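One letter stands for each residue in the lines below.
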Amino acid sequence: MTTASWTHRHVLSLAEFSREDYDTVLTTAASFREVLSRRTKKVPTLQGQVVTNLFFEPSTRTRSSFELAAKRLSADILNFAPGSSSLTKGETILDTAKTYLAMGTDIMVIRHKQAGVPQSIAAEMDRLQSGVSVLNAGDGQHEHPSQGLLDLFSICQVLNPQKPSIGDLRGKKVVIVGDILHSRVARSNLWSLTAAGAAVHLAGPPTLLPREFAQFLPPTADRSPLQIHWQLEPALADADFVMTLRLQQERMSQHLLPSLREYHQRYGITRDRLRLCQPQVRVLHPGPTNRGVELASDVMDDPALSLVPDQVTSGIAVRMALLYLIGGGKG
């Protein structure tokens, strides 16, 4: 593996990624996926470095995935718990980050319910010329870069198991269904999927998918345009991949849905609805999943349809790749 073409100290947004950056991550993740299949799953790549997980917001998959990824790379791990931290005594977020800097942190993985917090900490680390790298593990309704990259990796591995590449997605139809308005995962996926040349269709109720969302991406010649659907069936026609998103009711400031039952009736992904897609369609969900709401249980548990377990496994390899790429020159 090589980091010769990698120029990012931080990973804050996929809007900053080139096609070469995506392929570097995919190639590196494929190598680490092979490492994870061995009996001995640990490599000494980040030995002696300190990775600090600053999760100001609850998380199961992302936090555990980053922690395991860092351990597989032989890094030392510090985990931050906001409920038992000095934040409860009035300490600022930047002072908390600088405390971990003083402890010798090399990489900070940051998750926060407010958009922009990872960017602010990265700017402070740069101002201090600390050499610390910051990785955005999800900030508000902004982005979730590592989730977007692991989704991309899971899709490209289906298309090209031996050598996944962003070019494999060109012309493929990918449908994203659900609460797109509140989803940082959707925003990261829109950057990566359109950069790959996929035909991206968005489907959801008007309250969760305003027509203006079609302008989320600046119009450029090298990015495919977004298609908006308020009815599910036209969106699913001939789809190669369907990604359904969790209804983020904790982020909804007003009543945006009549009921979960009605949502499932109109937008839930079921086996019958998937018959509108290509015969080899595969289904993704970033988790956690509300079974029987966004996704029918028999679809989620069908290995011929569901990529959900593979997304979790791929998440470790992709996060190993990101930690390696931003930390590889520090050892």
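Residues numbered from 1 in each chain as written. Predicted model: local features only at pLDDT ≥ 70, side-chain atom pairs only at ≥ 80, totals over all residues. Heavy atoms only, no water.

- The name given to the protein chain in an unreviewed UniProt entry is Aspartate carbamoyltransferase, and the organism recorded there is Limnothrix redekei LRLZ20PSL1.
- Its UniProt record, at the heading Sequence similarities (unreviewed entry), says of the protein chain: "Belongs to the aspartate/ornithine carbamoyltransferase superfamily. ATCase family." (UniProt positions renumbered as here; feature names shortened; annotations may be inferred.)

## Notes on the environment of Trp230
Point 1. Tracing the sequence through the fold places Trp230 in the loop between strand S7 (226-229) and helix H7 (232-236).
Point 2. Overall, the relative accessible area of 33% leaves Trp230 in the partly exposed class.
Point 3. As for Trp230 and Thr207, which are separated by 23 residues in sequence, their C-alpha atoms are 9.6 Å apart.
Point 4. Excluding its chain neighbours within four sequence positions, the residues that come into contact with Trp230 are Gly204, Pro205, Pro206, Leu209, Arg211, Arg266 and Tyr267.
Point 5. Within the structure, Trp230 has its side chain in polar contact with the backbone oxygen of Leu209 (distance 2.9 Å). (Helix = DSSP H or I, 4+ residues; strand = E, 2+ residues; numbered from the N terminus. Buried < 20%, exposed > 50% of the residue type's maximum accessible area, 1.4 Å probe, protein only. Contact = heavy atoms within 4.5 Å. Polar contact = N/O pair within 3.5 Å; in protein donor to acceptor, adjacent residues only side chain to side chain.)

## Regarding the side chain of Ser306
Point 1. Assignment of secondary structure puts Ser306 in the loop between helix H10 (297-300) and helix H11 (308-327).
Point 2. Residue class for Ser306 comes out buried when judged on its relative accessible area of 8%.
Point 3. One polar contact links the side chain of Ser306 to the main-chain carbonyl oxygen of Met300, over a distance of 3.0 Å.
Point 4. Setting aside anything within four residues of it in sequence, one finds Ser306 in contact with Arg282, Val283, Val299 and Met300.

## Overview of the state of the cysteines
Point 1. Considering all chains together, one arrives at 0 disulfides under this definition.
Point 2. Here Cys156 stays unpaired: no disulfide links it, and the sulfur of Cys277, its closest cysteine neighbor, is 19 Å away. (Disulfide = S-S within 2.5 Å.)

## Topic: the pairing of strand S8 (residues 241-244)
Point 1. Residues Phe241 and Met243 of S8 are buried on one face, and the alternating residues Val242 and Thr244, pointing to the opposite face, are buried as well.
Point 2. Pairing of strand S5 (residues 173-177) with S8, which is carried by 4 bridges, proceeds in the parallel orientation. Residue pairing for S8: Val175 is matched across the bridge by Val242.
Point 3. Here 3 bridges tie S8 to strand S9 (residues 282-284), and the two strands are oriented parallel to one another. Bridge pairing in S9 places Phe241 opposite Arg282. (Pairing = 2+ DSSP bridges.)

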